[in-house]
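What the coordinates show
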Amino acid sequence: MLTAYPKILTNKDWQSNKGKIAKIAGKTGIGPELDKLEKSYKKVDFSLLTANGYGKLHNFAEIDETLKKAKAYYAKTIQPVRDQAISVSRKAGDVEKKFKSKKAIPKSSTAHVAKLGKEALNFATAMKSFDEEFKTFDAYKAKIQQHIDLSKKKIGTDIKNAEVGIVKCIKDGATCNAWNNNVHQRARSICNGIRVVPEWNKDLWKKWEKFGDHYHTKGVKEGDSDESAKIKAKCKEMAAELQKLKAYLKKN
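Owing to the predicted nature of the structure, the values given are computational and were not obtained by experimental measurement.

Observations regarding the side chain of glutamine 84
- Along the chain, glutamine 84 turns up in helix H4 (residues 60-101).
- Residue glutamine 84 is classed as buried on the basis of its relative accessible area of 14%.
- When near neighbours in sequence (up to four residues on either side) are disregarded, glutamine 84 contacts Glu33, Lys36 and Leu37.

So, in structure tokens, the structure goes:
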């Protein structure tokens, strides 16, 4: 991918380089064509051609779907830029012939329009391949696979940590604050694993999704008279789900 738009393909640069005599010779039509090219280029959000332009992607299916979006975006925005660059190159070729046929036109003006035409064609070629950008989706998949492997490796420890946290939460008074300090992050660790491992996501995510957010604040307010009772109930519910999770993992 190009790192910057070529200066030679701007109308401003063209006006300053085609030469005074060439200007007197009449309009070439290159300026408006260059304006169209630069305008179409500026419309492109190049981040949307990479995996990193779509926020956090959680699994292979999301990555594949996003790659389709990126390729559709390429067809919608990049192809028009390439077509316009080719149009500029052709126009420059016509003007070059015209300049060559007029002895009054300086060779420097003819040479510049020839160079412009060549650069426009090079630009179209450079804008054709976004293989490196599309490879970011494979890299993202590799990153997800690492997350999957790590999640499978540490799920047993995550469960033990959550069980310890629940006991500690109750011991600390079963308050919202006690849940937040002892359970919340440990529950999130389990949820992150369940969400990313495809088979776990399919079988368990609907039950575990609620534990990943601020579950202790749902229906409970700090300082409520029944705060402790409600947090204890939440601890009991999660403890039961942990037992089901262990049974599931043992079976699968």
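We are not done yet, so read on.
A few points about the environment of isoleucine 170
- Within the secondary structure, isoleucine 170 sits in helix H6 (residues 131-171).
- Judged by its relative accessible area of 38%, isoleucine 170 is partly exposed.
- For isoleucine 170 and lysine 232, which are 62 residues apart along the polypeptide, the C-alpha to C-alpha distance reads 6.6 Å.
- If we ignore the near neighbours within four places in the chain, the residues touching isoleucine 170 are Lys232 and Cys235.

Some remarks on helix H8 (residues 198-212)
- Here H8 is 15 residues long, yet its end C-alpha atoms lie only 17 Å apart, well below the 21 Å a rise of 1.5 Å per residue gives.
- If you look at H8, its biggest bend is around 80 degrees, right at tryptophan 205.
- Looking only at H8, the buried set comprises Trp200, Leu204, Trp205, Trp208, Phe211 and Gly212.
- The inward-facing, buried residues of H8 abut H6, helix H7 (176-196) and helix H9 (227-251).

With respect to the layout of surface pockets
- Its boundaries defined by the atoms lining it, the largest pocket holds a volume of some 310 Å³.
- If you trace the largest pocket, you find 15 residues lining it, with Lys56, His58, His147, Asn192 and Arg195 closest to the centre.
- Residue contributions to the lining of the largest pocket peak at 5 residues, all from H7.
- Looking at the lining of the largest pocket, its residues break down into 6 nonpolar, 4 polar and 5 charged.

Let's talk about a positive patch on the surface
- Taken together, the side chains of Lys56, Lys143, Arg188 and Arg195 present a region of like positive charge at the surface.
- You can see arginine 195 is positioned in helix H7.
- Taking the relative accessible area as the measure of exposure, arginine 195 reaches 32% and is therefore partly exposed.

Describing the pattern of salt bridges
- Inspection of the entire model under this criterion finds 12 salt bridges.
- Here lysine 36 ties to glutamate 33 by a salt bridge, and the two come within 3.7 Å at their closest N and O atoms. One end of the pair is lysine 36 and the other is glutamate 33, both in helix H3 (residues 30-42) and 3 residues apart, which spans about a single turn.
- Glutamate 33 sits in the buried class, given a relative accessible area of 13%.
- In this structure, lysine 246 engages glutamate 163 in a salt bridge whose closest nitrogen and oxygen atoms are separated by 2.8 Å.

Things to note about the environment of phenylalanine 137
- Secondary-structure assignment places phenylalanine 137 in helix H6.
- Each C-alpha atom, one on phenylalanine 137 and one on leucine 57, is 9.9 Å from the other, the two residues being 80 residues apart in sequence.
- Residues in contact with phenylalanine 137, not counting those within four places in the same chain, are Leu49, Thr50, Ala51, Ile63, Thr66, Leu67 and Ala70.

Re the side chain of threonine 110
- Along the chain, the position of threonine 110 falls in helix H5 (residues 107-126).
- Residue threonine 110 is classed as buried on the basis of its relative accessible area, which comes to 10%.
- Every residue in contact with threonine 110, bar those within four places of it in the chain, is listed here: Glu96, Phe99, Lys100 and Ile105.

Let's talk about the nonpolar core
- By size, the foremost hydrophobic cluster in this structure holds 66 residues, and its most contacted members are Leu9, Leu116, Phe123, Ile190, Trp208 and Met238.
- Put simply, the parts of the chain that give this core at least two residues each are H3, H4, H5, H6, H7, H8 and H9.
- Examining the composition of this core, we find that 11 residues originate from one element, H4, more than from any other.
- Other than its neighbours up to four places away in sequence, tryptophan 208 contacts Ile190, Cys191, Ile194, Met238, Glu241, Leu242 and Leu245.

Calculation rules
- Residues numbered from 1 in each chain as written.
- Predicted model: local features only at pLDDT ≥ 70, side-chain atom pairs only at ≥ 80, totals over all residues.
- Heavy atoms only, no water.
- Helix = DSSP H or I, 4+ residues; strand = E, 2+ residues; numbered from the N terminus.
- Buried < 20%, exposed > 50% of the residue type's maximum accessible area, 1.4 Å probe, protein only.
- Contact = heavy atoms within 4.5 Å.
- Expected span 1.5 Å × (residues − 1).
- Bend = angle between axes of the 7 residues up to and from the residue.
- 1 Å grid on protein atoms, 1.4 Å probe; cavity = no way out; pocket = protein on both sides within 12 Å on 5 of 7 lines; lining within 4 Å.
- Points joined across faces, edges and corners; volume = space filled by probe spheres on them.
- Nonpolar A, V, L, I, M, F, W, Y, C, P; charged D, E, K, R; others polar.
- Patch = residues over 30% accessible without salt bridge, like charges linked within 9 Å, V, L, I, M, F, W, Y side chains within 5 Å.
- Areas by Shrake-Rupley, 256 points an atom, 1.4 Å probe, with all protein chains shown as cover.
- Salt bridge = Lys/Arg side-chain N within 4 Å of Asp/Glu carboxyl O.
- Lys, Arg positive; Asp, Glu negative; His and termini not counted.
- Charge placed at Lys NZ, Arg CZ, Asp CG, Glu CD.
- Core = buried A, V, L, I, M, F, W, Y, C linked by side-chain atoms within 4.5 Å.

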